[in-house]
Amino acid sequence: MPLRPDTRAPDTRLRRFTPAERWVHRTTAALMGVCVLTAACLYIPELAQLVGRRELVVRVHEWAGLALPLPVLAGLASRAFRTDLRFLNRFGPHDRVWLRAALRRDKRAASRPAGKFNAGQKIYAAWIAGATLVMLGTGLLMWFTHLTPLRWRTSATFVHDWLALTVGVVLAGHIGMALADPEARRGLRTGRVSREWAEREHPLWRP
(Lines give C-alpha, C1' and ligand atoms only; values in the text may rest on other atoms or scores of the structure.)
Protein backbone atom coordinates (compact mmCIF):
# COMPACT_ATOMS: atom_id res chain seq x y z
CA MET A 1 0.00 0.00 0.00
CA PRO A 2 1.61 3.30 -1.02
CA LEU A 3 2.22 5.80 1.71
CA ARG A 4 0.27 9.02 1.48
CA PRO A 5 2.40 12.15 1.35
CA ASP A 6 2.37 14.29 4.47
CA THR A 7 0.24 17.29 3.52
CA ARG A 8 0.37 19.03 6.90
CA ALA A 9 1.47 22.64 6.78
CA PRO A 10 4.90 23.22 8.34
CA ASP A 11 4.91 24.77 11.79
CA THR A 12 5.89 28.40 11.28
CA ARG A 13 5.51 29.37 14.93
CA LEU A 14 8.65 30.12 16.92
CA ARG A 15 9.28 29.11 20.51
CA ARG A 16 9.58 32.25 22.61
CA PHE A 17 9.25 31.01 26.20
CA THR A 18 9.76 27.66 27.89
CA PRO A 19 7.25 26.21 30.40
CA ALA A 20 9.54 27.27 33.27
CA GLU A 21 9.60 30.88 32.07
CA ARG A 22 5.82 30.94 31.66
CA TRP A 23 5.41 29.51 35.16
CA VAL A 24 7.62 32.25 36.63
CA HIS A 25 5.61 34.95 34.87
CA ARG A 26 2.21 33.53 35.84
CA THR A 27 3.13 32.91 39.47
CA THR A 28 4.72 36.33 39.86
CA ALA A 29 1.70 37.97 38.21
CA ALA A 30 -0.67 36.12 40.55
CA LEU A 31 1.26 37.14 43.67
CA MET A 32 1.54 40.74 42.45
CA GLY A 33 -2.20 40.76 41.79
CA VAL A 34 -2.91 39.55 45.33
CA CYS A 35 -0.65 42.29 46.73
CA VAL A 36 -2.37 45.00 44.68
CA LEU A 37 -5.90 43.81 45.47
CA THR A 38 -5.28 43.42 49.19
CA ALA A 39 -3.55 46.82 49.30
CA ALA A 40 -6.61 48.35 47.65
CA CYS A 41 -8.84 46.71 50.26
CA LEU A 42 -6.66 48.18 53.02
CA TYR A 43 -6.43 51.75 51.71
CA ILE A 44 -9.72 52.40 49.88
CA PRO A 45 -12.48 52.88 52.50
CA GLU A 46 -15.29 51.62 50.25
CA LEU A 47 -13.44 48.38 49.52
CA ALA A 48 -12.40 48.01 53.15
CA GLN A 49 -16.05 48.19 54.25
CA LEU A 50 -17.14 45.81 51.50
CA VAL A 51 -14.53 43.14 52.27
CA GLY A 52 -14.14 43.54 56.03
CA ARG A 53 -11.90 41.13 57.97
CA ARG A 54 -9.01 43.59 57.92
CA GLU A 55 -6.70 41.36 59.96
CA LEU A 56 -7.02 38.53 57.41
CA VAL A 57 -6.46 40.92 54.49
CA VAL A 58 -3.31 42.25 56.19
CA ARG A 59 -1.93 38.73 56.68
CA VAL A 60 -2.65 37.74 53.06
CA HIS A 61 -0.96 40.95 51.86
CA GLU A 62 2.12 40.33 54.01
CA TRP A 63 2.62 36.72 53.00
CA ALA A 64 2.00 37.40 49.31
CA GLY A 65 4.60 40.17 49.49
CA LEU A 66 7.13 37.87 51.15
CA ALA A 67 6.53 35.21 48.50
CA LEU A 68 6.83 37.62 45.57
CA PRO A 69 10.58 37.08 44.90
CA LEU A 70 10.34 33.28 45.21
CA PRO A 71 9.19 32.46 41.64
CA VAL A 72 12.14 34.39 40.17
CA LEU A 73 14.56 32.66 42.54
CA ALA A 74 13.11 29.27 41.61
CA GLY A 75 13.30 30.20 37.93
CA LEU A 76 17.07 30.58 38.18
CA ALA A 77 17.23 26.79 37.94
CA SER A 78 16.14 27.15 34.30
CA ARG A 79 18.89 27.87 31.78
CA ALA A 80 16.41 29.56 29.43
CA PHE A 81 15.25 31.87 32.22
CA ARG A 82 18.82 32.81 33.11
CA THR A 83 19.51 33.53 29.43
CA ASP A 84 16.48 35.81 29.23
CA LEU A 85 17.63 37.66 32.34
CA ARG A 86 20.92 38.36 30.57
CA PHE A 87 19.01 39.67 27.54
CA LEU A 88 16.93 41.93 29.79
CA ASN A 89 20.08 43.23 31.49
CA ARG A 90 21.80 44.30 28.26
CA PHE A 91 21.04 47.71 26.82
CA GLY A 92 22.55 48.21 23.35
CA PRO A 93 22.59 50.95 20.70
CA HIS A 94 19.44 49.57 19.05
CA ASP A 95 17.60 50.04 22.36
CA ARG A 96 18.40 53.76 22.30
CA VAL A 97 17.03 53.92 18.76
CA TRP A 98 13.84 52.17 19.95
CA LEU A 99 13.42 54.62 22.83
CA ARG A 100 13.88 57.67 20.59
CA ALA A 101 11.24 56.30 18.23
CA ALA A 102 8.89 55.62 21.14
CA LEU A 103 9.32 59.18 22.44
CA ARG A 104 8.55 60.52 18.95
CA ARG A 105 5.53 58.17 18.79
CA ASP A 106 6.99 56.68 15.65
CA LYS A 107 5.26 53.31 15.37
CA ARG A 108 6.93 52.12 12.19
CA ALA A 109 8.52 48.72 12.69
CA ALA A 110 11.68 49.81 10.85
CA SER A 111 12.28 52.60 13.37
CA ARG A 112 11.99 50.32 16.41
CA PRO A 113 14.70 47.65 16.23
CA ALA A 114 14.53 45.11 19.06
CA GLY A 115 16.02 41.80 20.04
CA LYS A 116 14.02 39.27 22.02
CA PHE A 117 12.97 42.12 24.33
CA ASN A 118 12.56 45.74 23.32
CA ALA A 119 13.88 48.68 25.31
CA GLY A 120 10.53 49.36 26.94
CA GLN A 121 10.32 45.80 28.25
CA LYS A 122 13.87 46.02 29.58
CA ILE A 123 13.17 49.26 31.44
CA TYR A 124 9.92 47.88 32.85
CA ALA A 125 11.62 44.67 34.04
CA ALA A 126 14.41 46.60 35.77
CA TRP A 127 12.00 49.07 37.37
CA ILE A 128 9.52 46.48 38.65
CA ALA A 129 12.36 44.33 40.05
CA GLY A 130 13.79 47.32 41.95
CA ALA A 131 10.35 48.41 43.13
CA THR A 132 9.61 44.91 44.40
CA LEU A 133 12.78 44.86 46.49
CA VAL A 134 12.03 48.31 47.93
CA MET A 135 8.46 47.27 48.72
CA LEU A 136 9.73 44.11 50.41
CA GLY A 137 12.27 46.02 52.51
CA THR A 138 9.87 48.76 53.60
CA GLY A 139 7.17 46.19 54.24
CA LEU A 140 9.44 44.27 56.60
CA LEU A 141 10.22 47.49 58.50
CA MET A 142 6.49 48.11 58.87
CA TRP A 143 5.83 44.50 59.93
CA PHE A 144 8.55 44.13 62.57
CA THR A 145 7.91 47.40 64.36
CA HIS A 146 10.02 46.53 67.41
CA LEU A 147 13.26 46.27 65.42
CA THR A 148 13.58 49.85 64.18
CA PRO A 149 13.09 53.41 65.52
CA LEU A 150 9.83 55.25 64.93
CA ARG A 151 11.48 57.58 62.38
CA TRP A 152 12.50 54.61 60.22
CA ARG A 153 9.02 53.09 60.36
CA THR A 154 7.41 56.40 59.42
CA SER A 155 9.72 56.84 56.46
CA ALA A 156 9.18 53.21 55.41
CA THR A 157 5.40 53.69 55.52
CA PHE A 158 5.64 56.82 53.37
CA VAL A 159 7.84 55.14 50.76
CA HIS A 160 5.78 51.93 50.78
CA ASP A 161 2.45 53.69 50.28
CA TRP A 162 3.52 56.02 47.49
CA LEU A 163 5.55 53.38 45.69
CA ALA A 164 2.56 51.04 45.88
CA LEU A 165 0.47 53.66 44.10
CA THR A 166 3.17 54.03 41.44
CA VAL A 167 3.38 50.25 41.01
CA GLY A 168 -0.37 50.11 40.49
CA VAL A 169 -0.22 52.75 37.76
CA VAL A 170 2.73 51.08 36.01
CA LEU A 171 1.05 47.66 36.19
CA ALA A 172 -2.11 49.13 34.68
CA GLY A 173 -0.03 50.43 31.78
CA HIS A 174 1.70 47.06 31.41
CA ILE A 175 -1.63 45.22 31.29
CA GLY A 176 -3.03 47.76 28.84
CA MET A 177 -0.12 47.23 26.44
CA ALA A 178 -0.50 43.45 26.76
CA LEU A 179 -4.21 43.67 25.92
CA ALA A 180 -3.31 45.61 22.77
CA ASP A 181 -0.99 42.84 21.52
CA PRO A 182 -2.78 39.45 21.30
CA GLU A 183 0.26 37.71 19.79
CA ALA A 184 2.48 38.74 22.70
CA ARG A 185 -0.13 37.34 25.10
CA ARG A 186 -0.28 34.13 23.09
CA GLY A 187 3.48 33.84 23.42
CA LEU A 188 3.20 33.94 27.21
CA ARG A 189 0.24 31.58 27.20
CA THR A 190 1.50 28.92 24.78
CA GLY A 191 5.22 29.72 24.55
CA ARG A 192 5.08 30.23 20.77
CA VAL A 193 4.58 33.23 18.46
CA SER A 194 4.14 33.64 14.73
CA ARG A 195 7.20 34.22 12.60
CA GLU A 196 5.55 37.30 11.05
CA TRP A 197 5.03 38.91 14.46
CA ALA A 198 8.60 38.15 15.52
CA GLU A 199 10.05 39.64 12.33
CA ARG A 200 7.89 42.75 12.70
CA GLU A 201 8.19 43.43 16.43
CA HIS A 202 11.60 41.87 17.24
CA PRO A 203 13.60 41.87 13.99
CA LEU A 204 16.96 41.42 15.76
CA TRP A 205 15.80 38.33 17.65
CA ARG A 206 17.40 35.10 16.44
CA PRO A 207 15.47 32.16 17.97
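For the structure itself, look to the data block above.
A.B. asks: Help me out: how do you make sense of helix α7 (residues 119-143) in this one?
C.D. replies: Since there are 3.6 residues in each turn of an α-helix, residues three or four apart along the chain are aligned in direction. The first and last C-alpha atoms of α7 sit 36 Å apart over 25 residues, in line with the 36 Å expected at 1.5 Å per residue. Regarding α7, the residues found buried are Ala119, Lys122, Ile128, Ala131, Thr132, Met135 and Thr138. On the buried face of α7, the contacting elements are α1 (19-43), α5 (79-88), α6 (93-103) and α8 (150-179). With a side-chain oxygen lying 3.0 Å from the backbone nitrogen of Gly120, the N-terminal cap of α7 falls on Asn118.

A.B. asks: Would you mind showing me how to read the nonpolar core here?
C.D. replies: In summary, soluble globular proteins display a tendency toward joint burial of nonpolar side chains. Listed in full, the ten residues of the largest apolar core are Leu31, Met32, Ala67, Leu68, Ile128, Ala131, Met135, Leu163, Val167 and Leu171. Elements supplying a minimum of two residues to this core: α1, α7 and α8. For Val167, the residues in contact, after removing those within four places along its chain, are Met32, Trp127, Ile128 and Ala131. Counting five residues, the second-largest nonpolar core is a separate cluster that includes Leu14, Val193, Ala198 and Trp205.

What counts, and where the lines are drawn
Residues numbered from 1 in each chain as written. Predicted model: local features only at pLDDT ≥ 70, side-chain atom pairs only at ≥ 80, totals over all residues. Heavy atoms only, no water. Helix = DSSP H or I, 4+ residues; strand = E, 2+ residues; numbered from the N terminus. Expected span 1.5 Å × (residues − 1). Buried < 20%, exposed > 50% of the residue type's maximum accessible area, 1.4 Å probe, protein only. Contact = heavy atoms within 4.5 Å. Polar contact = N/O pair within 3.5 Å; in protein donor to acceptor, adjacent residues only side chain to side chain. Core = buried A, V, L, I, M, F, W, Y, C linked by side-chain atoms within 4.5 Å.

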